[in-house]
Amino acid sequence: MSHSSEEPKSLRFYGGRAASAIPIAFFIVWAIVQSGLLGIGDTSGLIVGILVGLIVGMFFVRGSWKTYADILFDGMTQRVAATAIVAWLWAGMFAETIQAGGFVDGLVWAAEAVRVGAALFPAVTFLLAALLATGIGTGYGTAIAFTALVFPAGVAIGASPVLLFGAILSGAVFGDNLAPVSDTTIVSAVTQDADIGGVVASRFKYAIVAAVFAFAAYLVAGGAMQGAPVDVGDAGGAGTAFGLVHLLSIGVVIVTAVRGRHIVEAISWGIVLSVVLNLALGLSKASAIIAFEGSRESALVQSMDALPVIGAFVVPVAPGETAVAGSLYTGAVGFFPLIVLVLLIVAAAQVMQRGGGFEAIQEFLLERVATTVRRAETTMVLGTALVNAMITINTAAEIAIAPYIKTLGRRFNINSYRRANILDANTAALGYIFPWGGGLLAGYSAMQRLPEQYEWFTQAMVVNPASVFPFVFHGWFLVAVFLLAAWTGYGREYVSDRESEEVSRV
C-alpha cells in the first residue's frame, strides 16, 4: 500500500525560505499597529490582518497556488488548534453559567468578609488561578473562567484592572507549565523522550522560584496601583454569599481532571452541576441558562410558554427581537471570532513550516549561535521565544520548535528532562504575554462581554491586550529563571546523570 499521499507537501517562495514567514510577519506588524499603537483591542480586526497576510504571502509562492491553499487547510485541521478551541467553548459555557448563578457577587461578598482589599486581591488571584490551572490542566480555560468571574469582583473592590488581568494570566502560565494533565506538559515530555512524572518533578524548582517572585511583585504593585471601590449597587445581604455554592462546581472540575479524566469531561460535569445548583437553589431562572426568545405574537410561542417545563426556556419578546440567548449560548458564541483567528494563524504557521522558514531559523541557531552548552541552552530559550512570537497557540509552538530543541540538546548531551523543561517553560509563559497570544486573547474575549453583563462595568475597565504584557509577572520571571539557569548551569543535567523512565503517552 502506498503512503505517498501522507507525505507533507512543501512550498517554494520567491525570496527563499524567509519569504514563507510573510503571512505571520504581516500579521504581527498588523497586531502591533492595531493593538499597540492605535489601542484597538478588536479580535475581529486581527482576523482581517491575518487574512490579508495570507493573501499577500500567496503572491510570493513559486508554483501552484493550489498547494498553498491545500497547506492552509492542512494547518487549520491540526489537532492542537482543535484542542484549544474545544477548551475555550467548554470553559466559556462553564464560566457564564456560574456567573448566572451569582458567583461574582459571592466573591465580592467573600472579599469584603475576609477583608481581602484591592491591594491584596491581585496576589490572591494569582495564587487561586495557579491552583485552578494546575488542577484542570488548561491555562486557557483558567484565563476565561477567572476573567469572567474573578476579574469583575476584583475591579469592584478597587483592584487595578490591568494588574488583575496580568495576575490571572500569570496563574494560567503557572498551571500550563506545571500541571501533569496540561497539553504543553505532555507535548514537552513526549517530544523530548521523557516521562511526564519525571518532567513535572524536575521543573517544580524553576516554577516555584518564579512564582515566589511573582507573588511578591503582585503584593507590591497591588498596593501601588489600587484604586477606589466601584459602586455596584445592591451587593450586600446574605443572598450575595449564596453564589459561593459554585465553589462546588469548580471543585468537581478540578477533582475530575486530577483523577485523569479528559478536560472536556471534567468541565462538562462542572456545567451539569452548575445548572442543577442554579435551578435547584433558585440562583437563576432556566431562561438565564438557555432561552428561546420568540415573538410574543406567535401562537406557537404562546402555546409553548404555557407548558410547565419547556415554557421555562421560552421567552416571549417583541417582534423582530427574536434570538437564542442564555449562558450556554453566550459562553460559546463569544469565542467564535477568536476561533477563526486561531485557525488562520495556525494555517499561517503551517505555511512557514512547509516553506522552510522554521528550518532556516533552526539551522542558523545550530550552526552559528549554539557553539557551547551555555550558548546552546540560551538559544533554546530564545528560540522558543521567537517561535511563540509567531504562533499564538503554545502547544502548536512547542510542536514546531521541539525537533530543534531535541537535536540541539542531543548534540551537547543535555538530559531529556532539562530539554523538556526549557521547551515548556517558555512556550507556556510567552503564550500569555504577547498581545496576540492565544491565552491572552482568550481571557480578553471573556472580558469584552463584561460591560453587557454588569451595569457598573464600563468600557474603560476593559484592558487593552497591548497594555497587560508588563504585568504578567510569573511569565517574565519564568523566562528569566531559565535564562539564568542556562547561563549559570543551575539545574543542568546531562544524559549520563540519569535516564528517563518509559515515556507516558497520554
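Residues numbered from 1 in each chain as written. Predicted model: local features only at pLDDT ≥ 70, side-chain atom pairs only at ≥ 80, totals over all residues. Heavy atoms only, no water.

Digging into helix α8 (residues 161–178)
Along an α-helix, a turn takes 3.6 residues, which lines up residues three or four apart on a common side. Taking 1.5 Å as the rise per residue, α8 with 18 residues should run 26 Å; its terminal C-alpha atoms sit 26 Å apart, in good agreement. With 17 of its 18 residues buried, α8 lies for the most part within the structure. (Helix = DSSP H or I, 4+ residues; strand = E, 2+ residues; numbered from the N terminus. Expected span 1.5 Å × (residues − 1). Buried < 20%, exposed > 50% of the residue type's maximum accessible area, 1.4 Å probe, protein only.)

A look at the packing of helix α18 (residues 373–390) against helix α20 (residues 416–430)
Where α18 contacts α20, the axes come no closer than 9 Å and their chain directions differ by 35 degrees. The way α18 lies across α20 gives a crossing that is right-handed. Contacts between α18 and α20 involve Glu-377, Met-380, Val-381, Thr-384, Ala-385 and Asn-388 on the former and, on the latter, Arg-418, Ile-422, Leu-423, Asn-426, Thr-427 and Leu-430. Tallied by class, the residues present in the contact of α18 with α20 amount to six nonpolar, four polar and two charged. (Axes fitted to C-alpha atoms, helices over the stretch in contact; angles between N-to-C directions. Left-handed = near helix turned anticlockwise from the far one by under 90°. Contact = heavy atoms within 4.5 Å. Nonpolar A, V, L, I, M, F, W, Y, C, P; charged D, E, K, R; others polar.)

Side note on the packing of helix α2 (residues 43–58) against helix α16 (residues 336–354)
For the pair α2 and α16, interaxial distance at closest approach is 9 Å and the crossing angle is 25 degrees. On the basis of their axis angle, the class for α2 and α16 is roughly parallel. Pair α2 / α16 crosses with left-handed handedness. Only Pro-337, Leu-338, Val-340, Leu-341, Leu-344, Ile-345 and Ala-348 of α16 make contact with α2, whose side of the interface consists of Thr-43, Ser-44, Leu-46, Ile-47, Ile-50, Leu-51 and Leu-54. Along the lines of polarity and charge, the residues of the contact of α2 with α16 split into 12 nonpolar, two polar and no charged. (Parallel < 35°, antiparallel > 145°, perpendicular 65-115°, else oblique.)

What to know about the packing of aromatic side chains
Any aromatic ring pair is given by two values, namely how distant the centres are and how the planes are angled relative to each other. Tallied over the entire structure, the rule returns 14 aromatic pairs. Arranged with centres 5.6 Å apart and planes meeting at 35 degrees, the rings of Phe-213 and Phe-477 form a pair that is tilted. Linking Phe-213 in helix α10 (residues 196–225) with Phe-477 in helix α23 (residues 473–488), this pair joins segments that are 264 residues apart in sequence. Taken together through their ring pairs, the aromatic side chains of Phe-151, Phe-165, Tyr-454, Trp-456 and Phe-457 make up a single cluster. The positively charged end of Arg-374 is found above the aromatic ring belonging to Trp-487, 4.3 Å away from the centroid. (Phe/Tyr/Trp six-rings, centres within 6.5 Å; stacked < 30°, edge-to-face > 60°. Lys NZ or Arg CZ within 6 Å of the ring centre and 35° of its normal.)

A few points about the pattern of salt bridges
Enumeration over the complete set of coordinates arrives at seven salt bridges. Across the pair Lys-66 and Asp-70 runs a salt bridge, and its minimum N-O distance is 2.8 Å. Within this pair, Lys-66 and its partner Asp-70 are both found in helix α3 (residues 65–76), separated by four residues, close to a single helical turn. Salt-bridge contacts for Glu-96 lead to Arg-449; the nearest nitrogen and oxygen are separated by 3.1 Å. Of this pair, Glu-96 sits in helix α4 (residues 79–100) while Arg-449 sits in the loop between α21 (438–447) and α22 (450–453), placing them 353 residues apart in sequence. For the residue pair Glu-96 and Arg-449, the accessibility class agrees, reading buried in each case. Within this structure, Asp-193, Lys-406 and Arg-410 form a network of salt bridges that share partners. (Salt bridge = Lys/Arg side-chain N within 4 Å of Asp/Glu carboxyl O.)

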